[in-house]
Amino acid sequence: MLRDTWLIFRRDATLLLRNPAWLAIGVMQPVLYLVLFGPLMERIVTSTPGFPPGSSWTILTPALIIQLALFSATTAGFSLLADLRNGVVERLRVTPASRVALLLGKVLMNGLTTVAQAIIITILAFLVFGLSAPVGGILLTLLIVAMLSVTLASASYAVALTLRNEQAFPALVNSVMMPVLLLSGILVPITTGLAPDWLYAISRINPFTHIVDAGRAGFRGDFSVDALLTGSIVLVVLMSLCVFWGARTFRRENA
Amino acid sequence: MGVFLIKARGLQRRFTSRGRTVDAVKGVDIDVAEGELVGFLGPNGAGKTTTLRMLTTLLTPTAGEAQVAGRDLRADPVGVRGRIGYVAQGGGTGPECKVAEEIELQGRLYGLGKADAIARGRELTEQLDLSGLDQRLTKTLSGGQRRRLDIALGLIHSPKLVFFDEPTTGLDPQSRANLWEHIRTLRSEQGVTLFLTTHYLEEADALCDRILVIDGGEIVAEGTPDALKARVSGDSVVLGVDDDVTTRAAEIVGGVEGAHELTTAPGEVRFRVPRGDTALPALLRAFDAENLTMQSMQVQRPTLDDVFLTLTGRSLRDSGSGGDADSADEAAADDGERNEVPTHAA
């Protein structure tokens, strides 16, 4: 299985490196947020009570990285739909290769891609905007982002394989991800000091809020149990569920 | 016959979607011996592809059992996969992948080492006239080249049994003739056993030792192309004569031994006779003796289309092209289970 996973991983890596423009396009959006939205935050954070501790850049940068993971990993299913259309999926499925490997090779590549993009964004925030964050914390956040990417890509592949429709897929992904994104407080953290009670309550139910919180804690160097525990548990549980879901879908006879 | 590479009994597949069930394949028995080239002939939606997908482990049968390449389809699908090759109807290469990459990946997924996969790939690209295309992206290949690459991928692990789903659909006539040559060579030079589906009569006729005719999910006939054609009683003959002597001409034809299904239209006499080629000279002499002139004559050997017509009462060409109820049913039934991805990108 490891060997098959590696072969699939390498195939996707080769394809990505053949068109590295996709990597750059993926980075563009968070970069625009940094440049065009970040400076606004700087003022707002200092003059508004209720923000979590840390400078505006330590609040915004990890959130943008997580947003990137949300966007790129959830749309991973698109490439699978193309593979289905081209018959690639079927061709791989008649080989004795492990079905789980066909999934893992792809999601690991998604994880690595997101981490690479996240590093670019972090470096930019560090060089241009004077972000200051501990290396250990940044690494922790990168790990969170990688796991999140694997989680969401698995789910995305499972949905794509089940739906098998290139029109319905983006519509579904958008309608699910939009509220998730807003409710996870990525641009403006949803805290008790800023949000009305009902909004705060809903945002706490959203698992991704806790993951964003953990990512922010990493960037400000807060390794306390209080800051990381909920997020890590949520992430590990979500990842297990989604990878299991994806693997089961890949194993299913018609997949 | 020797060893059977396919032995299927009562293979059945039912699709259920939106409360509707469709029996795409209603229990078929298939025996294919080592070294045979067997064709699975039927109109679109007859259940060819569904049967093939079951035999290649892509679809679990609703009922029935099969031994494929010596392994049990249900108990050991992985064992079956390792021993068969499958060339799908629409191909299976990524457009942005290089030819060499796809070949190596395929070989390694079948368990070959890197060097072995590359060496075997080189051997196959040479055999299939794909030399020199290694570094090309598959999207830049011609239709015929891409189909030959699909075949190379299906043969990378030197399987003894290879399945082809509609191997020449969408190819131009030259590429089709060329592909037929390659398929024949596979059998004659490498002893590969082949099972292919087609809705082209010419293809089944030109390639196959034996044909299974499937219609509405059931095998309705089986035999060599000649044996199947012999089921249609004789050659069809059409004579052209002057309008005013049609009746007289028909009387003469009626006297020919074995002539039957005699019909006339002004200036035309049609009939069937066991051997058209030997019946005609005698007929010409009889016409001469009566001072009648024959304007034209046509003798047609029975085709598999005639066979299909005799067996099902429908023409294969009509039922194949008309988007008939069968294929609509199968497509609808497929919806829930394996929705076709639209061919245009979103």
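Criteria and cut-off values
- Residues numbered from 1 in each chain as written.
- Chains lettered and ligands numbered in written order.
- Predicted model: local features only at pLDDT ≥ 70, side-chain atom pairs only at ≥ 80, totals over all residues.
- UniProt positions renumbered as here; feature names shortened; annotations may be inferred.
- Helix = DSSP H or I, 4+ residues; strand = E, 2+ residues; numbered from the N terminus.
- Expected span 1.5 Å × (residues − 1).
- Contact = placed C-beta atoms within 7 Å.
- Pairing = 2+ DSSP bridges.
- Axes fitted to C-alpha atoms, helices over the stretch in contact; angles between N-to-C directions.
- Parallel < 35°, antiparallel > 145°, perpendicular 65-115°, else oblique.
- Left-handed = near helix turned anticlockwise from the far one by under 90°.
- Nonpolar A, V, L, I, M, F, W, Y, C, P; charged D, E, K, R; others polar.

Asker: When you look at the UniProt feature "domain: ABC transporter" (unreviewed entry) in chain B in this model, what are you seeing that I'm missing?
Answerer: Sites flagged by UniProt as "domain: ABC transporter" (unreviewed entry) map to residues 6-241 of chain B. Between the first and last C-alpha atoms of residues 6-241 of chain B the distance is 53 Å; the span itself is 36% helix and 31% strand.

Asker: What is the right way to look at helix H6 (residues 173-190) of chain B in this model?
Answerer: Quick reminder: α-helices carry 3.6 residues per turn. Residues three or four places apart thus point the same way. All names here are of chain B. With 18 residues, H6 should reach 26 Å at 1.5 Å per residue; the first-to-last C-alpha distance of 25 Å fits that figure. Taken together, the buried residues of H6 touch helix H5 (143-155), strand S8 (193-198) and helix H7 (201-207). Positive backbone phi, at 65°, marks Gly191, one or two positions downstream of H6.

Asker: Please explain the sheet that holds strand S12 (residues 260-265) of chain B as it appears in this structure.
Answerer: Picture the strands of a sheet paired through backbone hydrogen bonds; they go either parallel or antiparallel. Residues and elements named next belong to chain B. One open sheet accounts for four strands, arranged S12-S13-S11-S14; its pairing is antiparallel. Where the open sheet ends on each side, the last strands, each with one partner, are S12 and strand S14 (294-300). Between one strand axis and the next, the sheet turns by 15° as a mean value, whatever way the strands run. Inspection of the sheet shows S12 paired to strand S13 (residues 268-273) by four bridges, in the antiparallel sense. Looking at S13, one finds that Ala265 is bridged to Glu268. Packing of helix H10 (residues 276-289) onto the sheet brings it into contact with strand S11 (235-241), S13 and S14, and relative to S14 it is tilted by some 165°.

Asker: When you look at the UniProt feature "transmembrane region" (unreviewed entry) in chain A in this model, what are you seeing that I'm missing?
Answerer: With numbering aligned to this structure, UniProt lists the feature "transmembrane region" (unreviewed entry) at residues 21-39, 59-82, 103-129, 135-159, 171-190 and 227-247 of chain A. In residues 227-247 of chain A, the share of helix is 100% and the share of strand is 0%. The end C-alpha atoms are 31 Å apart.

Asker: Please explain the packing of helix H7 (residues 135-163) of chain A against helix H11 (residues 225-251) of chain A as it appears in this structure.
Answerer: When two helices pack together, you describe them by how their axes are tilted relative to each other and by the distance separating the axes. Residues and elements named next belong to chain A. Where H7 contacts H11, the two axes come as close as 8 Å, and the packing angle between them is 30°. When the axis of H7 is compared with that of H11, the two are roughly parallel. Taken as a pair, H7 and H11 cross one another with a handedness that is left-handed. Between H7, through Ile144, Met147, Leu148, Val150, Thr151, Ser154, Ala155, Tyr157, Ala158, Leu161 and Thr162, and H11, the contact on the second element is made entirely by Leu235, Leu238, Met239, Cys242, Val243, Trp245, Gly246 and Thr249. Looking at the contact of H7 with H11 residue by residue, the class counts come to 14 nonpolar, five polar and no charged.

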